[in-house]
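Examination of the molecular architecture
Each chain, written out:
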Amino acid sequence: MKSTFAVRTMRAGELELALEWARQEGWNPGVDDAPAFWEADPSGFLVGAIGEVPVGCISVVRYGESFAFLGLYMLHPEFRGRGYGKQLWNKGMALTGDRTVGLDGVAAQQENYSRYGFKAAYRTLRYGGIPKVLDAGEQAAQVTPVTHGKLQGLLEYDAAIFPGLRHSFIKAWCGSPERRKSFIVGGGSRVRGYGTIRRCFDGYKIGPLFANKPEVAAALLARMVTEAKGAHIYMDVPADNAQAIRLAEDFGLSPIFETARMYRGQAPEIPLDRVFGVTTLELG
């Protein structure tokens, strides 16, 4: 009997397969991004399969009761044009309930997303290149690695910027130094910024990079780029944050492409002046 297409929750190991597909599409996710997002919402990852063979995927990671982020939406090229994508989309959106849903849409897909009620909020520019090594200035001595004792203050700081609660994600993302390197300025109730650099299929990515002031972001970035040891780095910057763009350019990075952050539902109020680098376009 011929196998039929069906959508189900991903099984262990299949998220790594989805990230490999993303690499083949040129998205360049982090090589160890999967575990932290899985911690955030393991039931938010769906796979479309024909029999036991995965052919497509979508992620709808739910952060608390008010926000979700849609990503990793793709079909293997051999199975496109058969209506499978719409089935994946519908199953994914069914997980969101009444939450505001965010996604990052490339220019070619923004009109399609608008048909489903998504509206563009702001543009995100990906900057990349081999970074200059710059002096971190007076803030340099205040940049320290994120340790377990600093996680609580970091969680509270992140919650004031990111539009949903992502405590389990942050604990996995910043609490695994063997996978990523995270740095912070301040501690407790006086955190002034933090950032993460991690290895990707091509070079390294910076994200998130949140900071109260440009000089704090500059100090964090100066520390993080040393981890790349001369390799390419990439950073996704909100176009509305002129100081973030200036920072990327000061470090010798150039714009590569852009997406639009789009929302279905009430767009969250995000302090973009404190967002110098987005966590990831692929997964939110």
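To keep things clear, this report deals only with the structure shown in the data block. Because the structure is a prediction, the values reported are computed rather than measured.

Section: the nonpolar core
Counting 42 residues, the largest nonpolar core has Tyr63, Leu72, Cys174 and Tyr194 as the members making the most contacts within it. Listed by contribution, the elements that provide at least two residues to this core are α1 (14–24), α2 (34–40), β2 (45–50), β3 (53–63), β4 (67–75), α5 (151–159) and α6 (167–174). Setting aside chain neighbours within four positions, we find Tyr194 in contact with Leu154, Tyr157, Asp158, Arg166, Ile170, Cys174, Phe183, Ile184, Pro208, Leu209, Phe210 and Leu220.

Thoughts on the pairing of β4
Along a regular strand, successive side chains alternate from one face of the sheet to the other. Counting buried positions over the 9 residues of β4 gives 8, a clear majority of the element. Direction of pairing for β3 relative to β4: antiparallel, over a ladder of 7 bridges. The residue bridging Arg62 from the neighbouring strand is Ala68, located in β4. Taking the residues that link successive antiparallel strands as the turn, the β3-β4 hairpin has 3 residues, and the phi of Gly64 there is positive, at about 75 degrees. In terms of strand pairing, β4 meets strand β5 (residues 100–106) through 3 bridges, oriented parallel. The residue bridging Phe67 from the neighbouring strand is Thr100, located in β5. Crossover handedness for the path β4 to helix α3 (residues 84–94) to β5: right-handed.

Quick look at the packing of α5 against α6
In contact at an axis separation of 10 Å, α5 and α6 are set at 130 degrees when each is read in the N-to-C sense. Judged by the inter-axis angle, α5 sits oblique to α6. You can see that α5 and α6 cross each other, and the crossing is right-handed. Touching Leu151, Leu154, Leu155 and Asp158 of α5 are His167, Ile170, Lys171 and Cys174, all from α6. Of the residues that constitute the contact of α5 with α6, the class distribution is 5 nonpolar, 1 polar and 2 charged.

What counts and how
- Starting afresh in each chain, residues are numbered from 1 along the sequence in its written order.
- In keeping with the predicted nature of the model, local features appear solely for residues at pLDDT of at least 70, side-chain atom pairs appear and are counted solely at 80 or more, and the whole-chain, interface and lining totals rest on all residues.
- Hydrogens and waters are ignored; side-chain quantities use all the structure's heavy atoms.
- For this analysis, a nonpolar core means a set of buried residues of the types Ala, Val, Leu, Ile, Met, Phe, Trp, Tyr and Cys, connected via side-chain atoms within 4.5 Å.
- Relative accessibility decides the category of a residue: with a 1.4 Å probe and only protein chains considered, values under 20% of the type maximum give buried, values over 50% give exposed, and everything between is partly exposed.
- Note on conventions: DSSP H or I runs of at least 4 residues are helices, E runs of at least 2 residues are strands, and numbering of each starts at the N terminus.
- Here a residue-residue contact requires only that any non-hydrogen atoms of the pair lie within 4.5 Å.
- If DSSP finds at least two bridges between two strands, the strands pair.
- For the handedness criterion, the strands are oriented away from the viewer, and a crossover whose path from the first strand over the helix to the second runs clockwise is classed as right-handed.
- Only the stretch in contact is used when fitting a helix axis, every axis being a line fitted to C-alpha atoms; angles between N-to-C directions are given from 0 to 180 degrees.
- Roughly parallel here means an angle under 35 degrees, roughly antiparallel means over 145, roughly perpendicular means 65 to 115, and every remaining angle is called oblique.
- Note on convention: the crossing is left-handed when the near helix lies turned anticlockwise from the far helix by less than a right angle, right-handed when the turn is clockwise.
- Basically, the charged four are Asp, Glu, Lys and Arg, the nonpolar ten are Ala, Val, Leu, Ile, Met, Phe, Trp, Tyr, Cys and Pro, and anything else, Gly included, counts as polar.

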